[in-house]
Each structure stands twice: as structure tokens, then as C-alpha cells.
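Chains, contacts and geometry: an overview
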Amino acid sequence: AQRPATSQVYSVFYHRDSVEAVQPIPGQPLEILVQQAASEALAGANALAAKLRWAAAILGLLGVCLAVILGVLAARRSRRLEGSERALAEARGAERRRLGQFLDAMPLGVFVSTPDGRPAYANREAQRLLGRGVVPEATAEDLAQVYQAYVAGTQTLYPTERMPQFQAMGGVAAHVEDVEIRRPDATVAIEAWGTPVLDKDGALEFAIAAFADITERRRSTEELQLLGAITANMAEGVMVVKSADGRIAYANASLEAMFGYQPGEMLDLSVSVLSPTDNAAATPMVEAVLAGGAWQGERRQVRKDGSQFWSSMHISTFEHHGLGPVWIGVQTDITARRRLEDEQRRWASIVQASTDAILGKDLQGLVTSWNPGAERLFGYRADEMVGRHIEDLIPPGGRVEERMIRAQAAGGIGIDQYETTRLRKDGTSVAVSVTISPIPDAGGTVVGIASVCRDITDQKRSEAQLRRGEEELAAARDQALEASRLKSQFLATMSHEIRTPMNAVLGMTHLLLG
């Protein structure tokens, strides 16, 4: 009776009846106590059910939380996987971009085609050289037509079977350098390499062609071939000498003939064999080339047979890609010119030392040269007469004759020693003997006139004296002849006169004797 009792009431929370505890009242009836006990038991059961419901709710909530946590973890993992895949895709994209940038930065054109020959990729240089980008619909057989590829120097499209790209599709590496791409703006010569790319099973995955612009190289090669043809046919001797060891790497035909060697015989010879044993003169030349990279001058050279000759040389240095530093020499045999110069110097010495007046003039009569003999004869210095007209030395009455003589000399006809009169600087006349000779150039054309004037004043004086002596002698002879004639005439007369009386005496004597 002292324990609390329970009663069943409607629970708004559970939306059903529930048992609530009540405090028993002492002295209550047993039925009420039993009812209270039953209510108490029912209340315990309800409390247990409530706890179980709360436990189920908590377990459900925990399941939900666990599901949420698992969902979050799964989402995080999914996002992580997506991030990894995205990072991998970005890395692949970045790698592809870097590869594209690398290929675009290459100085070579790169062209990739699929196993069936369709274009798949062309880097920037390939597009520039080909004049267009990838044409996906093109086939291997169309490549030459699509990209205007021709056999170099012809109007023939490049054969498909010879194209490196086509050969690479067959698994064969190839190399050609006779392709020309005919773009609208230019013709590009290219050198191409074809390479197959195989997968791990050995099947063709791609065919790659790499090609380079060799237009400049081909132009340089053609220029070298042209220069080679020019040097081979030059009259001057041309040689290339390796500066490292002084051996001849090239000699043209003119140089071989100049030195008396057979074709190809000079190759790898030491250049020292072409110079005299006394090679001291070579030192200034070597020093000049080493200091300034070039030298020009004249030197004595030695032929194969040991004979010597003079050559005019021009030497320059050059960096050859295959031979390294070289000396390039161009030589001309000037032996004949030196001989002529020596002869001219001798003649010049003779002219300078001559007592005769020797002068040169052009076809118009202007004085071009004047030797010391002319200065002595006419009284003019060389600087006074060079450039003046020759008629300043000729009396007015003889100038027409001078013009006729100049015209005759211009036609190649000279005059040997004709006597005339010339004027000195002081105005006096001088008797001279003049010899006229035309001066031809190397081609035989008369370009000037040489005059040699000799003072014949003394000769004329001697001739006058001789003539006077001869005249006096002739007069004396005539007088002697006349005296002899008169003597003969006298003697004849006297003889006649004497013979006449003697004849009478002889006749009388004869009669007497008879």
C-alpha cells in the first residue's frame, strides 16, 4: 500500500494509451491495489517497449549516419578518383601540348599518317613547308597530288611507291632528297625520312615522315657546282690548301698545266714543292695571311721539271665545313709579262739615255711622253710639253704635212727618216731627221705614234761645206781641164808649125842624096 500505483492514460506522444504511476492511498480496497499492480506491470512493459523503440530509432539513426558516412566516404573516393582521372587527363593533355609545342618548335617538318595512309597530324613546320595542313580525306595515293609533290627539276608528280611516307607504311625506313613541293608562292626543295612506328605486337601503328627545307642547300650545291665548273675552266690556276698540314686539297686544270702536272697529280702534294728552295720570300706572305686573312703579290714558282716562272698570286682564307681552315690561292703565269716589263724597262733606259729626241703622241697629236733628249733639243721640259699639241713645234708651213703623216701612221704605216724643220722654245728653227712609228695595242689597233727626232744641224752644215768644197774642186778641175786643153792646142799648133819647114828641109835632103 506504500508503493506507487499506476494508471492507464492516453499518451499524446505515442498516440495511444500509456501507463502512468500513481501513489497508492492507504486504506484503499484490494481491487484497486490489484488494478494498480496490473497497471504497474503494464507500465513496465510499455516502458520496455518504449526503450526498445528508442533503441531501434537510435540504431536506425546510426544506420543512417553510417550510410551517410559511407556515402560521404564513397563520394570522397569518387571525387578522388574523378580528380585522379581528371589530373591524369590533364597531365596527358599537358604532355600532348608539350609534345605539340616541342614538335612545333622543331626545325623539321613532321607528318604522321594512319596505317591506311590518311594524314593524322602535321606540325607547324610541316604545314609551312607543305603550304597547307592536314587533309583527313586524302589517301596515300593522293598525297603527291594533294600536297603538289614533284620529282625535283621535272613536271612529274612524285611516285607514290617512292614516297618515304608510303614506304614507312610498309614497315620500311626510307630517305629521299629529290622532292620539290610546288606551293603557290614558292617551290621548296625538301629532304625526307620515313619511319614506321610499331606497337608491342609489331603491327603498324603510325607512319611518320620528317622532312627539312634544303632549298638553300640545293642552291648552294648548285652554286658550288657552277663555281667548280667555272674554276675548272678558268685560265687562272686555282688551288685549295689545308692550312693544318699545307697539303693541296684541290687544283684546277689550269693550275696543273701551269706547273706541268698530270690531272689529279697535285692532290695531297705539299705546297712547299711549288716554291724555290730558298723560301725566305714566303715568310712575309704567310705573316700577311695570318694577320689579315689575305695576301696579294708576285712570286717565283717551280714547275714539276724544276724550271721556274713568275706568278701573280692572290691568297685568302676560308673555313671549310669538311676540310677545316683552308687557303684559297688564285695564280696567273706572268712570266711573259715580266719579260715584257723587263724589256720595257731596258727600252725606257735606252730612251732616257738617248741623245735623240724621242716623244710619243696620240692620234690627235697631243704629246704623251717626252724624253730628256727632247728637252735638250727643243728646250721644253716634259711637264711643259706633255698634253700640248705637237703642232706647237712645227712651223706653220709644215703643219699640213704633219697631219698627213699622222693619218698615215694611224693606218699603221711608218716613215723612216725624213728631214724637216722644227721650232725650239726660243723660237729658233732646228733641222731634224724624223722617224715615225705607229704604236699598236695588244689587239693590233694603233693607239699612238712614236717620233724620233735627230738634230741634223751639224750634218747640214757639213753637207753645205762639203758641197762648197765639191763645187770648188769641180771649178779647179774645170780650170785644169781647160788649161790642159789649151796646152794641148798650143803644142799641136807648135808641132804643126815646126813640122812644116822641116818637111822642106827633109825633101831637099832627100833630093840631094838621091
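Let me sum up the structure you'll find in this document. Since this is a predicted model, take the numbers as computed values, not measurements.

1. Some details on the pairing of strand S7 (residues 187–198)
In this sheet, S7 lies alongside strand S6 (residues 174–182) in antiparallel orientation, the contact comprising seven bridges. Counted as the bridge partner of Arg182 is Thr187 from S7. Here S6 hands over to S7 after four residues, the two strands then running antiparallel side by side. Sheet analysis places S7 next to strand S8 (residues 204–213), joined by nine bridges and oriented antiparallel. Along S8, the bridge assignment pairs Val197 with Phe206. In this antiparallel pair of consecutive strands, S7 and S8, the connection spans five residues, and Gly202 shows a positive phi of 90°.

2. Here we look at empty space enclosed by the protein
Using the criterion set out here, one finds two cavities of 30 Å³ or more in the structure. Reported here for the largest cavity is a volume of approximately 220 Å³. Taken together, 16 residues line the largest cavity, and the ones lying closest to its centre are Leu130, Met163, Gln165, Ile190 and Phe211. Ranked by the residues each element gives to the lining of the largest cavity, the list is headed by S6, at three residues. A class-by-class count of the residues in the lining of the largest cavity yields 15 nonpolar, one polar and no charged. As a volume, the second largest cavity reaches approximately 70 Å³. Lining the second largest cavity, in full, are Leu359, Lys361, Phe378, Ile390, Leu393, Glu402, Tyr418, Arg422, Val434, Ile436, Ser451 and Cys453. The set of elements that each furnish at least two residues to the lining of the second largest cavity consists of strand S14 (357–361), strand S16 (415–423), strand S17 (429–440) and strand S18 (446–455). A class-by-class count of the residues in the lining of the second largest cavity yields eight nonpolar, one polar and three charged.

3. Concerning the sheet that holds strand S4 (residues 119–122)
Within a sheet, each strand pairs with its neighbour through backbone hydrogen bonds, oriented either parallel or antiparallel. In space, the six strands of this open sheet follow the order S4-S3-S8-S7-S6-S5, with antiparallel pairing throughout. Each edge of the open sheet carries a strand with a single partner, namely S4 and strand S5 (149–151). Mean inter-strand twist for the sheet, computed between neighbouring axes without regard to direction, equals 35°.

4. Details of the sheet that holds strand S13 (residues 324–333)
Overall, antiparallel pairing links the five strands, which are arranged S10-S9-S13-S12-S11 in an open sheet. Only two strands of the sheet have a single neighbouring strand rather than two, namely strand S10 (247–251) and strand S11 (294–302). Across the sheet, the mean angle from the axis of one strand to that of its neighbour is 30°, orientation sign disregarded. Relative to S13, strand S12 (residues 308–320) is paired through 10 bridges, and the arrangement is antiparallel. Note on S13: the bridge partner recorded for Thr317 is Trp327. Sheet contacts for helix H8 (residues 335–353): S11, S12 and S13; angle to S12, the most-contacted strand, approximately 130°.

5. Focus: the packing of aromatic side chains
Each aromatic ring pair is described using two quantities: the centre-to-centre distance and the angle formed by the ring planes. Under the defined criterion, the tally for this structure stands at three aromatic pairs. For the pair Phe111 and Tyr147, a centre-to-centre distance of 5.6 Å together with 80° between the ring planes defines the contact as edge-to-face. In this pair, Phe111 sits in strand S3 (residues 109–113) while Tyr147 sits in the loop between helix H3 (143–146) and S5, placing the two residues 36 residues apart along the sequence. Pairing Phe259 with Phe309 gives two aromatic rings, centres 5.2 Å apart and planes at 70°, and the pair type is edge-to-face. Linking Phe259 in helix H6 (residues 253–259) with Phe309 in strand S12, this pair joins segments that are 50 residues apart in sequence. The residues Phe259 and Phe309 share a single accessibility class, namely buried. Taking NZ or CZ as reference, Arg182 lies 4.4 Å from the ring centre of Tyr150, over its face.

The rules behind these values
Numbers given for residues are sequential positions, taken from 1 along each chain in its written order. pLDDT decides what is reported in this predicted model: residues at 70 or higher carry local features, side-chain atom pairs at 80 or more are listed and counted, and totals for whole chains, interfaces and linings draw on all residues regardless. As a rule here, side-chain values come from all non-hydrogen atoms in the structure, and water together with hydrogens is ignored. When DSSP finds at least two bridges between two strands, those strands are taken to pair. Working definition: helices are DSSP H or I runs of at least four residues, strands are E runs of at least two. Numbering for both runs from the N terminus. Cavity and pocket criteria rest on a 1 Å grid covering protein atoms alone: a 1.4 Å probe that fits but cannot get out defines a cavity, protein on both sides within 12 Å along at least 5 of 7 lines defines an open pocket, and an atom within 4 Å of a point defines a lining residue. Grid points are joined across faces, edges and corners, and a volume is the space filled by probe spheres set on the points. Three classes are used: nonpolar for Ala, Val, Leu, Ile, Met, Phe, Trp, Tyr, Cys and Pro, charged for Asp, Glu, Lys and Arg, and polar for all others, with Gly counted as polar. What counts as an axis is a line fitted to C-alpha atoms, over the stretch in contact for a helix, and the angles between N-to-C directions run from 0 to 180 degrees. Should any heavy atoms of two residues lie within 4.5 Å, those residues are counted as being in contact. Within 6.5 Å between ring centres, the rings of Phe, Tyr and Trp (the latter by its six-membered ring) count as paired, and their orientation is classed by plane angle as stacked under 30 degrees, edge-to-face over 60, tilted in between. Throughout, exposure labels follow a simple rule: accessible area from a 1.4 Å probe, protein chains only, divided by the maximum for the residue type, with under 20% read as buried, over 50% as exposed, and the rest as partly exposed. Definition used: whenever NZ (Lys) or CZ (Arg) falls within 6 Å of the ring centre and also within 35 degrees of the ring normal, the charge is taken to sit over that ring.

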